[in-house]
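# Chain and residue survey
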Amino acid sequence: MPSPSPLFTRVLTGIAIGLIALVVVIRGGLVFWVAMAVLAVIGLNEFYRLTAAYKPLRLPGLLSVLCLLAAAQWGDTVWVLGATAVSFAGVALFGLVIGPKPGVTVRLAVTLLGALYLGLGFAHLVLLRGLGGEDLAVLGRDVVLLVVFGTWAGDTMAYFTGRWFGSTPMAPVLSPKKTWEGFAGGLISTVLVVVFIGLYVHYDVPDWGPGYSLALGLVIGIVGPLGDLFESLVKRDVQIKDSGRGLPGHGGVLDRFDALLWAGVAAYYVVTLALGF
């Protein structure tokens, strides 16, 4: 029996991830937080495996990520800011324990980069899910659905548009297969999906309208690919194609969630500024 094609595997895995994401986002609460924590820990492990040559400190990085996620779940942006400061101090203290050995500054820098990259990215998704509190219970759920499926729709359409029509390299050194045609297709797809979903959600938010959905879609469609390129930069630096193999057809957690980590942060501040939270 012939093995399934890479494209078929990619699509099948994508559908499975989408269904799981839908259930987790709708459930919210502790279920959502645990899912984000698991993904963040796996992603951090992938990042430290990518940058193993720089000898990152795994324990303080892990503690920092969990600290950031806890602050987002049981606090607010001020708590997350405090957790960021605590993370910096914690990593620095581990550096003091190591002492002035060759390469210690780079080790601390890579440790903190991974912790903040994964920690702040997933922490802002937790903050997004908690928007509205008890008064607007569905707001956080709906916004996360917009961000998640808007980002993934852009990823998917960018992949196929670039594959079928791509001819103008977007970042030939960082990611040779990415094209401006793919970017345009992904941006249009993200905007359309976010605006469409936005028509059927946010019915508890009188001020939310198509204009907000359009703005959110544009931000996600532009910022998401930057997150993708950032991960490409890291992988190009260490000469590794995929961050992991846990998601058949997609690679690892970083490969699948790279755009979402950046889009979630941007979306949180767009929504909170737009609605005055």
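See the structure printed just above.
Just so you know, these numbers come straight off a predicted model, no measurement behind them. (Residues numbered from 1 in each chain as written. Predicted model: local features only at pLDDT ≥ 70, side-chain atom pairs only at ≥ 80, totals over all residues. Heavy atoms only, no water.)

Right, let's get into the layout of surface pockets. The space that makes up the second largest pocket amounts to roughly 370 Å³. The wall of the second largest pocket is formed by 21 residues, among which Ile17, Ile20, Ala21, Leu39 and Phe257 lie closest to the centre. Of all elements in the fold, only helix 1 (6-27), helix 2 (29-50), helix 6 (137-165) and helix 9 (253-275) reach the threshold of two or more residues within the lining of the second largest pocket. Residues belonging to the lining of the second largest pocket are distributed by class as follows: 20 nonpolar, one polar and no charged. (1 Å grid on protein atoms, 1.4 Å probe; cavity = no way out; pocket = protein on both sides within 12 Å on 5 of 7 lines; lining within 4 Å. Points joined across faces, edges and corners; volume = space filled by probe spheres on them. Helix = DSSP H or I, 4+ residues; strand = E, 2+ residues; numbered from the N terminus. Nonpolar A, V, L, I, M, F, W, Y, C, P; charged D, E, K, R; others polar.)

It is the contact of helix 3 (residues 58-74) with helix 5 (residues 104-129), at a shortest axis distance of 8 Å, that shows an interaxial angle of 20°. It follows that helix 3 is roughly parallel to helix 5 by the angle criterion. The handedness of the crossing between helix 3 and helix 5 is right-handed. Taking contact as the criterion, the partners of Pro60, Gly61, Ser64, Val65, Leu68, Leu69, Ala72 and Gln73 in helix 3 are, on helix 5, Thr111, Ala115, Leu116, Leu118, Gly119, Leu120, Phe122, Ala123, Val126 and Leu127. Partitioned by chemical class, the residues of the contact of helix 3 with helix 5 number 13 nonpolar, five polar and no charged. (Axes fitted to C-alpha atoms, helices over the stretch in contact; angles between N-to-C directions. Parallel < 35°, antiparallel > 145°, perpendicular 65-115°, else oblique. Left-handed = near helix turned anticlockwise from the far one by under 90°. Contact = heavy atoms within 4.5 Å.)

Once that is clear, we can look at helix 3. Between its first and last C-alpha atoms helix 3 spans 24 Å; for 17 residues at 1.5 Å apiece the expected length is 24 Å, and the two agree. All buried positions along helix 3 are accounted for by Pro60, Gly61, Ser64, Val65, Leu68, Leu69, Ala71 and Ala72. (Expected span 1.5 Å × (residues − 1). Buried < 20%, exposed > 50% of the residue type's maximum accessible area, 1.4 Å probe, protein only.)

Where strand 1 (residues 169-171) meets strand 2 (residues 175-179), two bridges bridge the pair, whose relative direction is antiparallel. Bridge pairing in strand 2 links alanine 171 to serine 175. Where strand 1 folds back on strand 2, the antiparallel hairpin that results is connected by three residues. (Pairing = 2+ DSSP bridges.)

What follows is about a nonpolar patch on the surface. Judged by side-chain polarity, Leu30, Val34, Val38, Ile42, Trp74, Val78 and Trp79 come together as a nonpolar surface patch covering roughly 720 Å² of accessible area. Those elements giving two or more residues to the nonpolar patch turn out to be helix 2 and helix 4 (77-98). For the nonpolar patch, the element with the most residues is helix 2, which contributes four residues. Positionally, valine 78 belongs in helix 4. On the basis of relative accessibility, which here comes to 59%, the residue valine 78 falls in the exposed class. (Patch = residues over 30% accessible without salt bridge, like charges linked within 9 Å, V, L, I, M, F, W, Y side chains within 5 Å. Areas by Shrake-Rupley, 256 points an atom, 1.4 Å probe, with all protein chains shown as cover. Salt bridge = Lys/Arg side-chain N within 4 Å of Asp/Glu carboxyl O.)

A separate point is the environment of leucine 50. By secondary structure assignment, the location of leucine 50 is in helix 2. Residues leucine 50 and isoleucine 240 lie 190 residues apart in sequence; the distance between their C-alpha atoms is 7.3 Å.

With respect to the element layout, glycine 75 can be found in the loop between helix 3 and helix 4. Here glycine 75 falls in the partly exposed class, since its relative accessible area comes to 28%. Separated by 52 residues in the primary sequence, glycine 75 and leucine 127 have C-alpha atoms spaced 8.8 Å apart.

Our focus in this paragraph is the nonpolar core. Counting residues in hydrophobic clusters, the biggest one holds 57 residues, and the most contacted among them are Met36, Leu69, Leu118, Phe122 and Leu128. Where this core is concerned, the elements lending two or more residues are helix 1, helix 2, helix 3, helix 4, helix 5, helix 6, helix 8 (210-238) and helix 9. Here this core gets eleven residues from one element, more than from any other, and that element is helix 2. In contact with leucine 128, not counting residues within four places along its chain, are Gly140, Val143, Val144, Val147, Gly264, Ala267 and Tyr268. (Core = buried A, V, L, I, M, F, W, Y, C linked by side-chain atoms within 4.5 Å.)

This is a description of form; function is not addressed.
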